Amino acid sequence: MATATEVARIRGRSWLERWVRFGIRATGIYVVLALMGITSLLPFFWMVSSSLKNRESLFEYPPQFIPAEPTLANYTFLFAQTNILRYTLNTAIVTVGVTAVVIILGSMAGYSFAKLEFPGRNFLFFGMLGGLMVPFEVLMIPLFILVVRMKLANTFPGIILPMAAGPFGIFVMRQYLLSIPDELLDAARVDGASEFTVFWRIVMPMSKPAVAALGTLIAIGAWNMFIWPLIVTSKEEMRVLTLAISILQLEYRGLYGTMMAAATVAFVPALAIFLLFQRYFVQGIALSGLKG
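Residues numbered from 1 in each chain as written. Predicted model: local features only at pLDDT ≥ 70, side-chain atom pairs only at ≥ 80, totals over all residues. Heavy atoms only, no water.

1. Points about the overall build of the chain
Item 1. Tallying secondary structure elements over the chain gives 15 helices and zero strands in all.
Item 2. Taken over 292 residues, the chain has a buried fraction of 36%.
Item 3. Put simply, of all contacts in the chain between residues at least 6 apart along the chain, 75% involve residues at least 24 apart.
Item 4. Total accessible area on the chain is roughly 17,800 Å²; 70% of this is exposed by carbon and sulfur atoms. (Helix = DSSP H or I, 4+ residues; strand = E, 2+ residues; numbered from the N terminus. Buried < 20%, exposed > 50% of the residue type's maximum accessible area, 1.4 Å probe, protein only. Contact = heavy atoms within 4.5 Å. Areas by Shrake-Rupley, 256 points an atom, 1.4 Å probe, with all protein chains shown as cover.)

In structure tokens form, the structure reads like this:
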């Protein structure tokens, strides 16, 4: 029969073995994740590095990730010879407009579907969700005809409004608002608050995480939008960054450093949005798991 000392030694050894196995497993997981992160960041580092190289350095072999003589000549040429600032301003206007309208309309519609009782509510909601299954390519031509007939082509409303009416924002806000207790809203109504007051003074302050998450997702998508601006705009002064960069590739064929500089200018704001609101971005991915 084992003594108390032997039992303690065996228990200590088992705990040590568990911690060793856990440490090896955790280390392996972190090493794999680190390799995946480095691999995903390589294109970004190469883009920034290439934007700081002269034409000769771009074709050096073996290639260098860190340029020996970094230069801002590509950025100087980009800002001096193109309307990159105008394109950036256009993109910012479109991004802010789309994000604001999606948040406003999505919050109102989501509140209606989550907290108001009216005939056909669930039928309308699931019908609206059907819009998520319709590819944008199916809607492009009808939307373009509608925008042209409304004389909104080559205007910011013509770019913003069709992109702001999607069901995704309504779905996200409705899913989050379902988690707000109905008793809290009923108490405000008993105290004499109007429906708009309940929505604006109670529901919206409590929905800041959902609003931030939705805003982050929509802002990144709007900043990178390409197809719809390409269809609905034809004037040079209305181009957004993604469209402008595509056209600049044809106008400045072979100036790879300049194109990398333009890509960096377009990418950095989207990266900044993500880094500032990455916590809410992750929440936005998880919002669809809330009760429905």
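Having seen the structure, we can now continue with the description.
2. Let's talk about the environment of Leu129
Item 1. Assignment of secondary structure puts Leu129 in helix H5 (residues 121-129).
Item 2. Distance from Leu129 to Phe171, taken between C-alpha atoms, is 7.4 Å for residues 42 residues apart in sequence.

3. Some remarks on helix H7 (residues 156-163)
Think of an α-helix as 3.6 residues a turn; residues three or four steps apart then line up on the same face.
Item 1. Turning to H7, its buried residues number three or more, namely Phe156, Gly158, Ile159, Ile160 and Pro162.
Item 2. Each element contacted by the buried residues of H7 is listed here: helix H4 (84-115), helix H6 (136-149) and helix H12 (227-232).
Item 3. Where H7 begins, one side-chain oxygen reaches toward the backbone nitrogen of Gly158, 3.2 Å away; that side chain belongs to Thr155. (Polar contact = N/O pair within 3.5 Å; in protein donor to acceptor, adjacent residues only side chain to side chain.)

4. Some thoughts on the layout of surface pockets
Item 1. Of the voids in this model, the largest pocket is the one considered here, and its volume is about 570 Å³.
Item 2. Lining the largest pocket are 21 residues; nearest its centre among them are Pro162, Met163, Ala165, Gly166 and Pro167.
Item 3. For the lining of the largest pocket, the secondary structure elements donating two or more residues are H4, H6, H7, helix H8 (167-177) and helix H11 (208-223).
Item 4. Looking at the lining of the largest pocket element by element, the count peaks at four residues for H11.
Item 5. By residue class, the composition of the lining of the largest pocket is 17 nonpolar, four polar and no charged. (1 Å grid on protein atoms, 1.4 Å probe; cavity = no way out; pocket = protein on both sides within 12 Å on 5 of 7 lines; lining within 4 Å. Points joined across faces, edges and corners; volume = space filled by probe spheres on them. Nonpolar A, V, L, I, M, F, W, Y, C, P; charged D, E, K, R; others polar.)

5. Here's the deal with the packing of aromatic side chains
Item 1. For the structure on display, the rule yields nine aromatic pairs.
Item 2. A centroid spacing of 5.4 Å and a plane angle of 55 degrees characterise the contact between Tyr111 and Phe199, whose relative ring orientation is tilted. With Tyr111 in helix H4 and Phe199 in helix H10 (residues 195-206), this pair connects stretches of sequence that are 88 residues apart. Accessibility assignment for this pair places Tyr111 and Phe199 in one class, buried. (Phe/Tyr/Trp six-rings, centres within 6.5 Å; stacked < 30°, edge-to-face > 60°.)

6. Things to note about empty space enclosed by the protein
Item 1. In this structure the tally under the stated criterion is one cavity of 30 Å³ or more.
Item 2. Roughly 40 Å³ of volume is contained in the largest cavity.
Item 3. Here the lining of the largest cavity is built from residues that sort into two nonpolar, two polar and three charged.

7. Some details on H6
Item 1. The end-to-end C-alpha distance of H6 is 20 Å, a good match for the 20 Å that 14 residues give at a rise of 1.5 Å each.
Item 2. The largest bend in H6 comes to about 25 degrees, at Pro142.
Item 3. Within H6, the full set of buried residues consists of Met140, Leu143 and Val147.
Item 4. Check the buried side of H6 and you find it contacts H7 and H12. (Expected span 1.5 Å × (residues − 1). Bend = angle between axes of the 7 residues up to and from the residue.)

8. A word on the confidence of the model for the chain
Item 1. Overall, the predicted model of the chain reaches an average pLDDT of 82, with 88% of residues at or above 70.
Item 2. Across the chain, the element-wise mean pLDDT spans from 65 in helix H15 (residues 278-286) up to 91 in H4.
Item 3. Confidence drops under pLDDT 50 across residues 288-292; counting only partners more than four residues distant or on other chains, this segment forms 10 contacts. (pLDDT = per-residue confidence, 0-100.)

9. Notes on the pattern of salt bridges
When the charged atoms of two side chains lie near each other, side chains of opposite charge can form a pair.
Item 1. If you walk through the whole model with that rule in mind, you get four salt bridges.
Item 2. Residues Lys115 and Asp182 are paired through a salt bridge, measuring 2.7 Å at the closest nitrogen-oxygen approach. You can see Lys115 sitting in helix H4 and its partner Asp182 sitting in helix H9 (residues 182-190), a full 67 residues away along the chain.
Item 3. On the accessibility criterion, Lys115 (13% relative accessible area) is buried.
Item 4. For Glu117, the salt bridge is made with Arg121, and the minimal N-O distance between the two is 3.7 Å.
Item 5. With a relative accessible area of 69%, Glu117 lands in the exposed category.
Item 6. In this structure Arg121 comes out as buried when scored by relative accessible area, which is 17%.
Item 7. The network of salt bridges with common partners includes Asp186, Arg189 and Glu195. (Salt bridge = Lys/Arg side-chain N within 4 Å of Asp/Glu carboxyl O.)

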